Amino acid sequence: MAVIEIIPILVPVKFDLKTVNFYLIKQNKSLTLIDGGYNDEQCWNALISTLENNNLQLRDLTEIILTHHHVDHVGLVDRIVSKHPIPVYASPLSIPRLKRDKAFFEMRVEFFSNLYRSNDCGEKGEKQIAYLHKAIRNNQKKAMQADVIGITEPTLLNFEVIQVPGHAPDQLAFLDKTGNQLIAGDLLIEHISSNALVEPDEHGNKLPSLIQHNDSLSKCMSLNVDRVYSGHGKIINNPNPLIKKRLERTEEKAERLLNQIKSGITTANGLAEVNYKKIYEQQFSLVMSEIIGHLDYLEHKQKIQKDLLHGIWQYSVTSACKI
Ligand SMILES: [Zn+2]
């Protein structure tokens, strides 16, 4: 039986994520880093001092594995690999995102442009699209330089590789069966509910992110692990009651939207403005993600339907649900 030792690196951050977490994994022949925090001095110093405190050095690292492509999980990769070349593994879906593939990001902007227009987001949507266009140009230089190897096998270094999309389309979790523990990226966070972000697939079709996120949470629950090593905040012992709470919260939110649709609000943008007021102004894309995700969820449950009227999706309650 393979014994896996997990050494957590928890780096405090000022905003509500509390910490960014990454993990050193010690096994007999390897020393793996799972995730790489932000590209900043705090994360770098935390990595180096944790290695030193365990009588290890950077050159003892044998590979890096990424849970997903977000900037707070991949920051140190190039800095590590430029000093000490080792393989970097991630989901094949992470690669165009990490490499800032231009065609992929142009398709993504096109996707959001259609999404915001067809959900009646008006000027607010146009502004966000202009921002995304600018970001493509600025982010070219943030493309990961290291070669990334796509994980295609069901196991990697004594971990079972589990697909847990939702928060990000490429998110993976790594199950240590012997230790009954799971390293799960941002699937489950102890102090806040993880966002299921609306994203296109590689063909430009909308992914059902919230439905995927809930399925991933249910998958995690069925594993009955003792511990979840999260991407932010505390390490979660006995995670199942928290997972149950998160799944119930989705139901409550969806129910609230259903009642608002019943009362006559018909567009995603209308629901976003009513429910989030100030946050709608400050965090427009997150709010739209939240609303559209829950509308997809209600549609999936056949509680609502949508019809395109003059290019705008109009939501209404299905006849089965009116009773
Ligand atoms: Zn994160």
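So, about the sheet that holds strand β12 (residues 236–237). Sheet architecture is open: six strands sit in the order β7-β8-β9-β10-β11-β12, paired in mixed fashion. At either end of the open sheet lies a strand with only one pairing partner, and these are β7 (155–156) and β12. Judged from the three bridges that link them, strand β10 (residues 181–183) and strand β11 (residues 227–229) form a sheet pairing that is parallel. When the sheet's bridge partners are listed, I183 is paired in β11 with Y229.

If you trace the backbone, H69 turns up in the loop between β4 (63–65) and α2 (71–74). Residues H69 and F111 lie 42 residues apart in sequence; the distance between their C-alpha atoms is 19 Å. Setting aside residues no more than four positions away along its own chain, H69 makes contact with V74, S94, R97, L98, A168 and D170.

Let us now look at the pairing of strand β13 (residues 304–309). In terms of strand pairing, β13 meets strand β14 (residues 312–317) through six bridges, oriented antiparallel. Bridge assignment links K306 to a residue of β14, and that residue is Y315. Between β13 and the antiparallel strand that follows it, β14, lie two residues; H310 among them carries a positive phi value of about 50°.

Another aspect to go through is the sheet that holds strand β6 (residues 148–150). Across the sheet, six strands lie side by side as β1-β2-β3-β4-β5-β6; this open sheet has mixed pairing. Only two strands of the sheet have a single partner each, and these edge strands are β1 (5–12) and β6. Neighbour-to-neighbour, the strand axes of this sheet turn through a mean angle of 25°, independent of strand direction. Pairing analysis gives two bridges linking β4 to strand β5 (residues 88–90), with the strands arranged parallel. Residue pairing for β5: I65 is matched across the bridge by Y89.

Here we take up the pattern of salt bridges. Scanning the entire structure with this criterion turns up 13 salt bridges. Note that R108 and E199 form a salt bridge whose closest N and O atoms lie 2.8 Å from each other. You can see R108 sitting in helix α5 (residues 102–118) and its partner E199 sitting in the loop between β10 and α7 (209–222), a full 91 residues away along the chain. E199 carries the same exposure label as R108, and that label is buried. Between E299 and K306 there is a salt bridge, with the nearest N and O atoms lying 3.3 Å from each other. Assessed through its relative accessible area of 25%, E299 is described here as partly exposed.

Of all hydrophobic cores here, the largest spans 37 residues; its most connected members are Y116, M288, I291 and L295. When contributions to this core are tallied by element, the ones reaching two or more residues are α5, α6 (122–139), α7, α8 (240–262), α9 (268–282), α10 (284–300) and β14. Within the second largest apolar cluster, 32 residues are counted, among which are I9, I80, V81 and M144.

The protein atoms donating to the zinc ion are D72 (OD), H73 (NE2), D186 (OD) and H232 (NE2), with metal-donor distances spanning 2.0 to 2.3 Å. One can describe the donor arrangement at the zinc ion as irregular, given that its four donor atoms subtend angles of 81 to 163° at the metal. All donors of the zinc ion belong to a single chain; written as a sequence motif, their spacing is D-H-x112-D-x45-H. For D72, a relative accessible area of 9% puts it in the buried group. Judged by its relative accessible area of 0%, H73 is buried.

On to the packing of aromatic side chains, then. On inspection of all chains with the given rule, the structure shows seven aromatic pairs. Geometrically, the ring pair formed by F111 and F112 is edge-to-face, given 5.0 Å between the ring centres and 75° between the ring planes. F111 sits in the buried class, given a relative accessible area of 9%. Following the ring pairs from residue to residue traces out a cluster consisting of F111, F112, Y116, Y280 and F284. A cation over a ring is seen here: R79 above W44, with NZ or CZ 4.2 Å from the ring centre. Seen from the ring of W313, K306 lies directly overhead, with NZ or CZ sitting 4.7 Å from the centre.

Cut-offs applied
Residues numbered from 1 in each chain as written. Predicted model: local features only at pLDDT ≥ 70, side-chain atom pairs only at ≥ 80, totals over all residues. Heavy atoms only, no water. Pairing = 2+ DSSP bridges. Helix = DSSP H or I, 4+ residues; strand = E, 2+ residues; numbered from the N terminus. Contact = heavy atoms within 4.5 Å. Axes fitted to C-alpha atoms, helices over the stretch in contact; angles between N-to-C directions. Salt bridge = Lys/Arg side-chain N within 4 Å of Asp/Glu carboxyl O. Buried < 20%, exposed > 50% of the residue type's maximum accessible area, 1.4 Å probe, protein only. Core = buried A, V, L, I, M, F, W, Y, C linked by side-chain atoms within 4.5 Å. Donors = N, O, S within 2.8 Å, 3.2 Å for Na, K, Ca; no water. Tetrahedral: all angles 85-135°; square planar, octahedral: opposite > 155°, others 65-115°. Phe/Tyr/Trp six-rings, centres within 6.5 Å; stacked < 30°, edge-to-face > 60°. Lys NZ or Arg CZ within 6 Å of the ring centre and 35° of its normal.

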